[in-house]
Amino acid sequence: MSRRHVLKASAATAVAAGTGAAIPACSAAPAGLPPNVAQGIAEGKRYRLRELGITIGEMPPGALNAITDVPGVKVGYKTLIFDRPGPAPNIARTGVTIIVPRDEPMWANHCYAGIYSHNGNGEMTGSHWITESGWLSSMIGITNTHQVGIVRDTLVKIEAEQNKDLKWRLPVVAETWDGPMNQMNGFWITEEHVREAVADAKGGLPAEGNVGGGTGMAFFGHKGGSGTSSRVVTYKGTNYVVGVFAQPNFGRLRNLRVNGAPVGAELPQPPPLTPTNKSQGSCILIVATNAPMLPDQCRRLAVHAGLGVGVLGGTASNGDGDIYLAFSTGNDIRPNDSTALYNANAVNNDEIDPFFQAVIEATQEALLNAATKAERMTGNWGTREALPLDKLMQSLQKHQV
């Protein structure tokens, strides 16, 4: 993959985040940044990667640089952050994310889809049927490990209310583990919370950072969250969008690389929240495109999302639930129409490489947006420090990438 990357910004004042900072604080305002952004960094405000002047890859983003650049795709959240008096469990730092693939109900018009398990210590319900049939036939939910069931059951119930002829459904709900921030055995998420996330689903730029299912997550030892990005691919004279939504919860800081720079080795080491460091964690990635793709082409997009994880320094270690789903809205699949054959269009495999690169680039940026927008959070086991934006920028400037 080509490595022409642009960094328009340098470092601001140091943000206290753990110990052992390898890069000294800089008293000068960051070069190339709008004054309000430079001041915001000094005040601890959070920004998307491109607001910091950091560009990943070469391909242009969509108008919003989000999965919602794919026509019809919507994102909704319900975020739960509260403490209750009394004995544990009493700390909630969790939520639900809902991704709606089409403007039409999914039971009326499916999508071709494919799944890739980079490492399978996790859950994505309905995945076996997607692998078998090549069809995505539901909204997508993402939450914490212990509440997949309530989200899945509520999505079935909502669809049964909408479709009186519903006989069965296997909705897609994925998870990552937020135990260090959230006391998961509190089972905070209810049916009503899931319904609120579904009702919240809309177009436009989704919130990022400590929201929805990503509320309690981590990113290379710092605070993680929910993030998104997109790329535009021109194919045979038509512009198509590849969008990625990420819920990262993985990574050892020393492995983190941005635009090839070993920034993790130079960032402050945050205090550990676990007694051992055997497992990185997990990562759920949802890839959407309006380019016409067949199921196995969607699976190949999901595989290439894993390359984006690897470029950043993820290793899909033994304890990880790194599971990726890709779907295409480029064909109509109306299962209730038994009178006609399906007519499917597809990108030529000999010309699919730009879509692969789009996934790799958008995956990296979605993962990084989840962290650059995430704020410091104190929860179940202690405090997750926010990724220090000024030191990130200093490191990238130092390596001239």
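Look above for the structure.
In this convention, every chain numbers its residues from 1, walking through the sequence in written order. Whole-chain, interface and lining totals are the exception, using all residues; otherwise, since this is a predicted model, local features are given only for residues with pLDDT of at least 70 and side-chain atom pairs are given and counted only at 80 or more. Hydrogens and water are ignored here; the side-chain numbers use all heavy atoms of the structure.

With that settled, the discussion passes to the side chain of Ser328. Numbering of helices and strands runs from the N terminus, with a helix taken as a DSSP run of H or I at least four residues long and a strand as a DSSP run of E at least two residues long. Among the structural elements, Ser328 can be located in strand E12 (residues 321-333). Here a polar contact means two N or O atoms within 3.5 Å. Within protein one must be a hydrogen donor candidate and the other an acceptor candidate, and residues neighboring in sequence count only if both atoms are side-chain atoms. Only 2.6 Å separates the side chain of Ser328 from the backbone oxygen of Ala291, close enough to count as a polar contact. Separated by 3.0 Å, the side chain of Ser328 and the backbone nitrogen of Gly330 make a polar contact. Once residues lying within four places of it in the same chain are set aside, the contact partners of Ser328 are Arg102, Cys111, Tyr112, Thr289, Ala291, Pro292, Met293 and Cys298. Contacts are residue-level and defined by heavy atoms, with any inter-residue pair within 4.5 Å sufficient.

Tracing the chain through its elements places Leu166 in the loop between helix H3 (148-162) and strand E6 (172-176). C-alpha separation for the pair Leu166 and Thr131, spaced 35 residues apart in sequence, amounts to 22 Å. Residues within four places of Leu166 in sequence aside, it is in contact with Val156, Glu159 and Ala160.

When DSSP finds at least two bridges between two strands, those strands are taken to pair. If you trace the four strands from one edge of the open sheet to the other, you get E1-E2-E5-E6, paired in mixed fashion. This sheet does not close on itself; its edge strands, each paired only once, are strand E1 (74-83) and E6. On average, adjacent strands in this sheet sit at an angle of 15° to one another, irrespective of strand direction. Here ten bridges tie E1 to strand E2 (residues 91-100), and the two strands are oriented antiparallel to one another. Paired with Tyr77 across the two strands is Thr97, which belongs to E2. Interaxial angle, 0 to 180 degrees, is taken between N-to-C directions of lines fitted to C-alpha atoms, where a helix line uses only the stretch in contact. On the sheet, H3 packs against E2, strand E5 (140-144) and E6 and is oriented at approximately 160° with respect to E6. Sheet contacts for helix H4 (residues 191-200): E1 and E2; angle to E1, the most-contacted strand, approximately 140°.

The subject of this paragraph is the pattern of salt bridges. The salt bridge criterion pairs a side-chain nitrogen of Lys or Arg with a carboxyl oxygen of Asp or Glu, the two atoms within 4 Å. The tally for this structure, following the rule as stated, stands at 21 salt bridges. Linking Glu104 and Arg334 is a salt bridge whose minimum nitrogen-to-oxygen distance equals 2.8 Å. Of this pair, Glu104 sits in the loop between E2 and strand E3 (110-120) while Arg334 sits in the loop between E12 and helix H6 (353-372), and the two are 230 residues apart along the sequence. A 1.4 Å probe rolled over the protein chains alone gives each residue an accessible area, and that area as a share of the maximum for its type sets the label: buried under 20%, exposed over 50%, partly exposed in between. Judged by relative accessible area, which is 32%, Glu104 ranks as partly exposed. For Lys398, the salt bridge goes to Glu266, with nearest N and O atoms at 2.9 Å. Here Lys398, found in helix H7 (residues 389-398), pairs with Glu266, found in the loop between strand E10 (238-249) and strand E11 (282-289); they are 132 residues apart in sequence, far enough to count as distant. Salt bridges sharing common partners tie together Arg50, Arg231, Glu361 and Glu365.

Turning to its location among the elements, Asn210 is positioned in the loop between H4 and strand E7 (218-219). A relative accessible area of 14% places Asn210 in the buried class. Side-chain polar atoms of Asn210 contact the side chain of Lys223, separated by 3.2 Å. Polar contacts involving the side chain of Asn210 include one to the main-chain carbonyl oxygen of Glu375, which spans 3.0 Å. Look past the residues within four positions of Asn210 in its chain and what remains in contact with it is Thr79, Thr215, Lys223, Gly224, Ala374, Glu375 and Met377.

The biggest cluster of nonpolar side chains holds 54 residues, and the ones touching the most others in it are Leu285, Phe355 and Leu367. Residues belong to one nonpolar core when they are buried, are Ala, Val, Leu, Ile, Met, Phe, Trp, Tyr or Cys, and are joined through side-chain atoms within 4.5 Å. The next biggest cluster of nonpolar side chains, apart from the first, holds 26 residues, and it includes Val70, Ile130, Ala174 and Ile286.

Buried residues of helix H1 (residues 35-42): Val37, Ala38, Gly40 and Ile41, and no others. Along the axis of H1, the buried residues cluster in a sector spanning 160°; they form a single face. For H1, the exposed residues set more than 90 degrees away from the buried face come down to Pro35 and Asn36. Where H1 is buried, its residues meet H7. A positive phi of about 90° marks Gly44, the residue just after H1. The reported arc concerns the directions from the helix axis to the C-beta atoms and nothing else.

Turning our attention to the packing of helix H5 (residues 295-312) against H6. Look at H5 against H6: their axes get within 8 Å of each other, and the N-to-C directions meet at 50°. As summarised for this structure, H5 and H6 are arranged oblique, according to the angle between their axes. Classified by chirality, the crossing of H6 by H5 is right-handed. For the pair H5 and H6, contact is made by Arg300, Leu301, His304, Ala305, Leu307, Gly308, Val309, Val311 and Leu312 and by Phe355, Phe356, Val359, Ile360, Thr363, Gln364, Leu367 and Leu368, respectively. Each residue is assigned to one class: nonpolar for Ala, Val, Leu, Ile, Met, Phe, Trp, Tyr, Cys and Pro, charged for Asp, Glu, Lys and Arg, and polar for all the others, Gly among them. Across the contact of H5 with H6, the residue classes break down as twelve nonpolar, four polar and one charged. Note on angle classes: values under 35 degrees are labelled roughly parallel, values over 145 roughly antiparallel, values of 65 to 115 roughly perpendicular, and the remainder oblique. Crossing handedness: left-handed means the near helix sits turned counterclockwise from the far one by under a right angle, and right-handed means the same turn made clockwise.

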